[in-house]
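# Working through the structure, step by step
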Amino acid sequence: MNVMIVEDEVRLRTSLVNNIPWEENGIEVIAQAASGTEALFLFERKKPDIVLLDVQMPEMDGLTLARKLREKDAFVKMIILSGHDNFGFAQKAIEAGVSQYLLKPAGDGEILEAVLSAAEQLRQELERWHSQAELQEKWSEHLPQLQSAFFQNLIGGKYALWEIRKISRDYLLNMDESMQYAVAVADVDPLGPEEPRYKSGDMPLLRFSLQCVAREFLQPHSCWVNTDASGYTLVLFAMPADDSPNDVMLRVHAAVVKLLSQAKECLKVTCSAGISGGTGGLTEISKLYAQAYQALQDRIVYGADIAVPYRDKPAAGSSVPLSPGLEKTLEIALETGDEDKAMATLSELWDQAMEGTETAAGMHEALMYWTSLMIRLIHKQGWSVRDVAKEDYPYYRDVTMLSTKQQIRAWLERSVLHYTAYLQEQRKTTSHGVVKTILSIVEKEIDSDITLHSVADRLYVNSSYLSRLFKQEMGVAFSTYVLERKMDRAKAALLEGAKVYDAARLVGYRDVSYFTKVFRKYWGVTPGEMKP
């Protein structure tokens, strides 16, 4: 569960954020606001589960804010911190949808208990909804089947613009060509052997349940929820054309991250999603879908329970489309980095193409087949055969160097390993560029309050993805790295003769007493004791 803190008094807001052991209790502070207007803006972008808010604030009072938040999200839990010990005032708060009403000065323990209670209430409501959803048949009518077929063809790029207009109107979808669209593809993560409640045969039911959760909880958003050919949950977002594409993608990321969180609460299993790299028009939906689908495959790199944005990769070169069957299975296994599946499929293809070949002419034909297949798969990614094959490249230039079945089989297995290794290198290169940008931001803005969420917003991705990426690349959490850099910089400044106040401001602390507390906890001495 996550929480947003709304309080106009800086010292109190800082205390609420830093002095309560949120993370130890499974709560994440994802946003903080100094006014009702700012809180309303951040609510759209961050989608918190719980809001802890003051009553008296500039621009918009807490009760007005509570009513507006309730209109935007019927499930959000709100807790008020107030100095008004007045029954009538508390009654108005309850009418506005506030779940708890605390009087200032409330202690940290009391506030934490209220937030945990609200989180438990939300979990119970989600479980009740899921129990009801399992009893309903969502696709019992003919129209949903027609709509489903329409979306399948749409993401496959099978319609011209006029066909999209006409068919979507006939099927009561009314897709507007003046809107901009983004795509997300979500799926239940593979079930591990330690999962006692479900078996692999339960995956279709879990995927159907995920689609039900998506339809219910994405209702406030302008989007359609359907399935693709793989059984994944397809979410097609429609946004006003005059909205900034970057802001649109931030809202999409926030919605998808919250969907995964709510699905985890309902289904008790983790899910992941891929998100298109940007927005586009009606005729670009198939391209956006391909991006989201490819991004979902990258969960093999980052792990489960994450929303992965599409990152530009080298454009695929032109090639003859692969035929259905085992060749397609091999292609998918290689593109997702599944070595075991690729090797198993390779064995099946080998049995079909090579084991029955007993003549020299047949061997040459089979060898040309294998060479052509591997080159097509490499070129489809836009890669160079020389770069992928490395020391095995000479065999591609002169296949006569492979003179026995044993040599050919060993070469093919090495080719699979070369392909998957090169795929990992390409993904790491992309990830390294993002982390390098993050490090640059930290160094340039060390004198400000740098948070994971603010950096994620600037890079137009969700914070969960950025956190996982940073930890994999750097070996430490983002917050730990920032603290280390700030403390190192402050220590260096003090050793050079800087005053405690100047050292604190140099690394972004405006409250000297709080800086002193953090510094002492990190270095074991106070800033004043750190003499040159």
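A few points on the structure. (Residues numbered from 1 in each chain as written. Predicted model: local features only at pLDDT ≥ 70, side-chain atom pairs only at ≥ 80, totals over all residues. Heavy atoms only, no water.)

## Some words on the pattern of salt bridges
Scanning the entire structure with this criterion turns up 21 salt bridges. For Glu120, the salt bridge is made with Arg123, and the minimal N-O distance between the two is 3.8 Å. Of this pair, Glu120 and Arg123 are both found in helix H5 (residues 108-134), 3 residues apart, which corresponds to roughly one turn of the helix. Taken together, the salt bridges that share partners define one network made up of Glu443, Arg485, Asp488 and Arg489. (Salt bridge = Lys/Arg side-chain N within 4 Å of Asp/Glu carboxyl O. Helix = DSSP H or I, 4+ residues; strand = E, 2+ residues; numbered from the N terminus.)

## Topic: helix H3 (residues 62-72)
Taken together, the buried positions of H3 are occupied by Gly62, Leu63, Leu65, Ala66 and Leu69. Projected onto a plane normal to the axis of H3, the buried residues spread over an arc of 155° and lie on a single side. In this structure Asp61 caps H3, since a side-chain oxygen of it lies 3.0 Å from the backbone nitrogen of Leu63. (Buried < 20%, exposed > 50% of the residue type's maximum accessible area, 1.4 Å probe, protein only. Arc of directions from axis to C-beta. Polar contact = N/O pair within 3.5 Å; in protein donor to acceptor, adjacent residues only side chain to side chain.)

## Details of unusual backbone geometry
In this structure, Lys47 takes a positive phi of about 55° despite not being glycine. On the basis of relative accessibility, which here comes to 13%, the residue Lys47 falls in the buried class. With a phi close to 65°, Leu172 is a non-glycine residue in the positive phi region. Locating Leu172 in the fold gives a position in the loop between helix H7 (161-170) and strand S6 (180-188).

## Some thoughts on the pairing of strand S7 (residues 223-227)
Counting buried residues in S7 gives 4 out of 5 residues, a clear majority hidden from the surface. When S7 meets strand S8 (residues 233-239), the two strands line up antiparallel, connected through 5 bridges. Residue Val225 lies in a different strand from S8, and its bridge partner there is Val235. (Pairing = 2+ DSSP bridges.)

## Side note on the sheet that holds S7
Taking strand neighbours across the sheet as the criterion, the 5 strands line up as S7-S8-S6-S9-S10 in an open arrangement whose pairing is mixed. Single-partner strands in this sheet number two, and they are S7 and strand S10 (307-309). Sheet twist, expressed as the mean angle between neighbouring strand axes with direction ignored, is 20°. The pairing of S6 with S8 spans 7 bridges and is classified as antiparallel. Bridging across to S8, Gln180 finds its partner in Met239. Here helix H8 (residues 203-217) sits on the sheet and contacts S6, S7, S8 and strand S9 (271-275); the angle it forms with S6, its principal contact strand, is near 145°. (Axes fitted to C-alpha atoms, helices over the stretch in contact; angles between N-to-C directions. Contact = heavy atoms within 4.5 Å.)

## Observations concerning the side chain of Asn2
Here Asn2 is to be found in strand S1 (residues 2-6). Judged by its relative accessible area of 15%, Asn2 is buried. With residues up to four places along the chain from it excluded, the contact list for Asn2 reads Glu28, Ile30, Lys47, Pro48, Asp49 and Ile50.

## Considering the nonpolar core
Counting residues in hydrophobic clusters, the biggest one holds 55 residues, and the most contacted among them are Trp22, Ile111 and Phe237. No other element matches the 10 residues that helix H9 (residues 245-267) contributes to this core. When near neighbours in sequence (up to four residues on either side) are disregarded, Ile111 contacts Leu16, Ile20, Trp22, Leu52, Leu81, Leu102 and Ala106. In this structure, Leu334, Met374, Leu377 and Val416 belong to the second largest nonpolar core, which totals 27 residues. (Core = buried A, V, L, I, M, F, W, Y, C linked by side-chain atoms within 4.5 Å.)

## A closer look at the environment of Ala66
Mapped onto the elements, Ala66 comes out in helix H3. Looking at Ala66, the relative accessible area reads 0%, which means it is buried. Once the C-alpha coordinates of Ala66 and Ile79 are considered, the two residues, 13 residues apart in sequence, prove to be 9.3 Å apart. Residue contacts for Ala66: discarding those within four places in its chain leaves Met78, Ala96 and Val98.

## Things to note about the packing of helix H20 (residues 478-495) against helix H22 (residues 512-523)
In the contact formed by H20 and H22, the axes pass within 11 Å of each other and the chain directions differ by 100°. In terms of orientation, H20 lies roughly perpendicular with respect to H22. In this structure, H20 contributes Leu483, Glu484, Met487, Asp488, Ala490, Lys491 and Leu494 to the contact, and H22 contributes Phe515, Val518, Phe519, Tyr522 and Trp523. Broken down by class, the residue content of the contact of H20 with H22 amounts to 9 nonpolar, no polar and 3 charged. (Parallel < 35°, antiparallel > 145°, perpendicular 65-115°, else oblique. Nonpolar A, V, L, I, M, F, W, Y, C, P; charged D, E, K, R; others polar.)

## Here we look at the sheet that holds strand S4 (residues 77-82)
Backbone hydrogen bonds hold the strands of a sheet together, and the pairing may be parallel or antiparallel. Strand order in the open sheet formed by 5 strands is S2-S1-S3-S4-S5, and the pairing between neighbours is parallel. Of all strands in the sheet, those with a lone pairing partner are strand S2 (28-33) and strand S5 (100-103), marking the two edges. Across the sheet, the mean angle separating the axes of adjacent strands is 20° when strand polarity is ignored. Bridge count for S1 against S2 is 5 bridges, and the pairing is parallel. In the sheet register, Met4 faces S2, and the bridge partner there is Ala31. Its contacts with the sheet put helix H2 (residues 36-46) on S1, S2 and strand S3 (50-54), and the angle it makes with S2 is roughly 145°.

## A few points about the environment of Asn19
Within the secondary structure, Asn19 sits in the loop between helix H1 (10-18) and S2. By relative accessible area, Asn19 is classed as partly exposed at 34%. Spatially, the C-alpha atom of Asn19 lies 7.6 Å from that of Asp108, the residues being 89 residues apart in sequence. Apart from the residues within four sequence positions on either side, Asn19 is in contact with Thr14, Asp108 and Lys517.

## Comments concerning the pairing of S9
The buried fraction of S9 amounts to 5 of the 5 residues, a majority that puts the element mostly inside the structure. Where S6 lies against S9, 5 bridges are found, and the strand directions are antiparallel. Directly across from Ala186, in S9, lies its bridge partner Ala273. In this structure, S9 lies alongside S10, joined through 3 bridges in parallel fashion. Across the sheet, residue Gly274 finds its bridge partner in S10, namely Val308.

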